[in-house]
Amino acid sequence: MVTEIVEGVYWVGVVDWALRHFHGYELHTPRGSTYNSYLIKDEKTVVVDTVWGPFADDFIANVRDVVDPATIDIVVANHAEADHSGGLPAIMRRCPEATVVVSKRGAESVPGHYHREWNFKAVGTGDKIDIGKHELVFVEAPMLHWPDSMFTYLTGKNLLMPNDAFGQHYATDRRFNDEVDQLELYEEALRYYANILTPFSDLVIKKIDEVLSLNLAVDVIAPSHGVIWRDDPLQIVGKYKEWASQVPEQRAVILYDTMWHGTRHMAEAVGAGLAAEGVPYKIFYAPVAERNQVLTEIFRARAVVVGSPTVNRGYISTLGTYMEDLRGLGFKNKVGAAFGSYGWSGEAVEMIEGHLKRCGIEVAAPGVRAKWQPAADDLAASTDLGRAVARAVKGA
Ligand code: FEO
């Protein structure tokens, strides 16, 4: 249902209640998502971002509820990724003479996705377009989260449309942040940040400082996913600054796989050591864990302790995805450790430690290996490992 979010600006996006996987199967979206598109009625009619292609008909129907699509003058594509640009062909068929406004890098990526001869106009930070009573002001936001990403600001309404930034994969019948369950909202905002934006945290801080230095009044932040921040909109900006600083909580994640439960017993013994030192922890069994939840918990935590049996002279394959995530997401300010049982050669622990170091994660204490099923002394060593990690977490 179309919603007028401020006078003359309409949400014409769609809610995707069924979405459970995003970026192919790379991201799990347990609460669905929304693809937010905004229609501005001024002397000129403007659409800011569209929707994912399978929802283009719903999007066009929403636009029609407000205006005849043929009257659209400007379509802003803040970012080329298909969840926001997928409706471009459908809308541009109805207003083929409209100007498609893109960032400088968007001048590569948007045509690269659609291969159409639209009237493109590339803009940079500080560029403005007069639309009648108000202006559109553009702020390039490279790597938040693509090189082409851009924010669009509407003067007079003090409305910032930052595309993916400040978004959440959160399907809801409500459009505004003050109308939804705050726990759900922040769970999804954090999951989004941890899994998508962590690698760009330094840029997040710089971009926020840059936008704030422009002294643009911001009454509403309308991202391209999830709810719109109208109640204390800068609360999410403050949260982003906090998350981007990557100051972890004094807690730990234990992530393991096991073949015959030997490494599981060691994982629980490591947990006992953490608990003995008063450090809260969560244990995740890699084969059944929800990957993005694990990564969100690792984002929060100071310590990540990884356990694996040795298989084929290495760590078990279910941990491979996580190892790649630790590298790619580039978490900062972490300590780690490794443990695992083995039967014959026993390389896994050393390999995990080496990988943690290459990911910039300081190894807090030498890993623990148990031959065959862990004996009492192996479990005691695992508990001591948990204690050592806990001391590192607490900075002792
Ligand atoms: Fe980068 Fe929501 O797409």
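Residues numbered from 1 in each chain as written. Predicted model: local features only at pLDDT ≥ 70, side-chain atom pairs only at ≥ 80, totals over all residues. Heavy atoms only, no water.

Scanning the protein for helices and strands turns up 12 helices and 24 strands. Projected onto its principal axes, the C-alpha positions of the protein cover 75 × 40 × 35 Å. For the protein, with 396 residues in total, the buried portion stands at 58%. Excluding contacts between residues fewer than 6 apart, the proportion of contacts in the protein whose partners are at least 24 apart in sequence is 71%. (Helix = DSSP H or I, 4+ residues; strand = E, 2+ residues; numbered from the N terminus. Buried < 20%, exposed > 50% of the residue type's maximum accessible area, 1.4 Å probe, protein only. Contact = heavy atoms within 4.5 Å.)

Moving on, we get to the pattern of salt bridges. One pass over the structure, following the stated rule, counts 23 salt bridges. Of the charged contacts in the structure, one is a salt bridge between R291 and E26, with a shortest N-O distance of 3.2 Å. Taken as a pair, R291 in helix 9 (residues 291–300) and E26 in the loop between strand 4 (21–22) and strand 5 (27–28) lie far apart in primary sequence, 265 residues in all. A relative accessible area of 18% places R291 in the buried class. A relative accessible area of 34% means that E26 is categorised as partly exposed. Residue E297 pairs with R300 through a salt bridge whose shortest N-O separation is 3.3 Å. Taken together, the residues E297 and R300, both in helix 9 and three residues apart, mark about one turn of the helix. (Salt bridge = Lys/Arg side-chain N within 4 Å of Asp/Glu carboxyl O.)

For the rest of this paragraph, the subject is the pairing of strand 1 (residues 3–6). Bridge count between strand 1 and strand 2 (residues 9–11): three bridges; the pairing is antiparallel. When the sheet's bridge partners are listed, V6 is paired in strand 2 with V9. The loop that links strand 1 with its antiparallel partner strand 2 comprises two residues; one of these, G8, has a positive phi angle of about 85°. (Pairing = 2+ DSSP bridges.)

Two strands in a sheet stick together by hydrogen bonds in their backbones, pointing the same way (parallel) or opposite ways (antiparallel). Taken together, five strands build an open sheet; the order of strands is 12-13-14-15-16 and the sheet is mixed. What marks the edges here is a single partner per strand, and that holds for strand 12 (128–130) and strand 16 (220–221). Across three bridges, the pairing between strand 14 (residues 150–154) and strand 15 (residues 159–161) is antiparallel. Paired with T152 across the strands is M161, a residue of strand 15.

The next subject is helix 12 (residues 376–393). Between the first and last C-alpha of helix 12 there are 26 Å, a value that for 18 residues agrees with the 26 Å anticipated at 1.5 Å per step. Within the sequence span of helix 12, burial applies to D378, S382, L385, G386, A388, V389, A390, A392 and V393. The secondary structure elements touched by the buried residues of helix 12 are strand 17 (249–256), helix 8 (262–276), strand 19 (301–307), strand 22 (335–342) and strand 24 (368–371). Directly after helix 12, the chain includes G395, whose backbone phi takes a positive value near 75°. (Expected span 1.5 Å × (residues − 1).)

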